[in-house]
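Here's the letter readout for the chains.
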Amino acid sequence: PDFVRDYPKVELEIAEMVTADIVDALRRDRIDAALVAGGTCGEGIQEHELFDDRFHLYVSRENPLFERTNVRIEDIDLKELVLLSPGHCMRDQIIELCQAKREVPSHYTFESGSLDTLMRIVDCTHCVTIIPEMAVEYIPAEHRCQVKTLAKGATSRKIAVAVRRTYVKSSIIKALIDTILSKVSRQ
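Residues numbered from 1 in each chain as written. Predicted model: local features only at pLDDT ≥ 70, side-chain atom pairs only at ≥ 80, totals over all residues. Heavy atoms only, no water.

### Section: the environment of L81
Put simply, the rule is: Comment: elements are numbered from the N terminus, with helices defined as DSSP H or I runs of at least four residues and strands as E runs of at least two.
Structurally, L81 can be placed in the loop between β3 (70–71) and β4 (83–84). Between the C-alpha atoms of L81 and Y58, which are 23 residues apart in sequence, the distance is 9.9 Å.

So, in structure tokens, the structure goes:
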């Protein structure tokens, strides 16, 4: 809303996409910019780092980790971890964070393209999932007790604005970056 208010002549179209589709769309000039997890776009794409986005554990009230306030990655039973579907870079980041194999044996085989769906699965089972800090403020108050801090280690990711290296609308990208950073610093 701040960007639209401050730059009313710029047409802003927002779409949610998996990382591979974002990179492809940037390379084919189908989109001008993307908000991404830093380090995921590869050659030919320039990333402007914005801020760190910490990971948190979202845990079922029935899971033994619910009683904890601070959880170590090593304490997570990988059989109880539900993940985003393949193609989401956050899935790969979580697998790397947990040093898990891609095929984790589980009682459940739930996967979703939506963090909201993953949290609903956790609410109905004894499972856990890992969510980014930017999602925490949207969790209803009655479920905030299910959000646990992850202790030590690489428990965050960088958020960046990605553009093609040959992109010419740098003033618009700078305005977008400034708007995002001002919003983040107010929270």
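### Points about helix α2 (residues 19–27)
Applied cut-off: Relative accessible area decides the class of each residue, using a 1.4 Å probe on protein chains only: under 20% of the type maximum gives buried, over 50% gives exposed, and in between gives partly exposed. Taking the helix axis as origin, the arc is that swept by the directions to the C-beta atoms.
Of the positions making up α2, those classed as buried are T19, I22, V23, A25 and L26. What you see down the axis of α2 is that its buried residues fit within an arc of 165°, all on one side. In the stretch just after α2, D29 is the one whose phi turns positive, near 60°.

### So, the pattern of salt bridges
Cut-off, in case you're wondering: Just to be clear on terms, a salt bridge is a Lys or Arg side-chain nitrogen sitting within 4 Å of an Asp or Glu carboxyl oxygen.
Taken as a whole and judged by the stated rule, the model has 13 salt bridges. Of the charged contacts in the structure, one is a salt bridge between K158 and D52, with a shortest N-O distance of 2.9 Å. Pair noted here: K158 is in strand β8 (residues 156–164) and D52 is in strand β2 (residues 45–59), with a separation of 106 residues, a long-range link. With a relative accessible area of 42%, D52 lands in the partly exposed category. Salt-bridge contacts for D178 lead to K174; the nearest nitrogen and oxygen are separated by 2.8 Å. Of this pair, D178 and K174 both sit in helix α6 (residues 170–185), separated by 4 residues, roughly a single helical turn. Assessed through its relative accessible area of 37%, D178 is described here as partly exposed.

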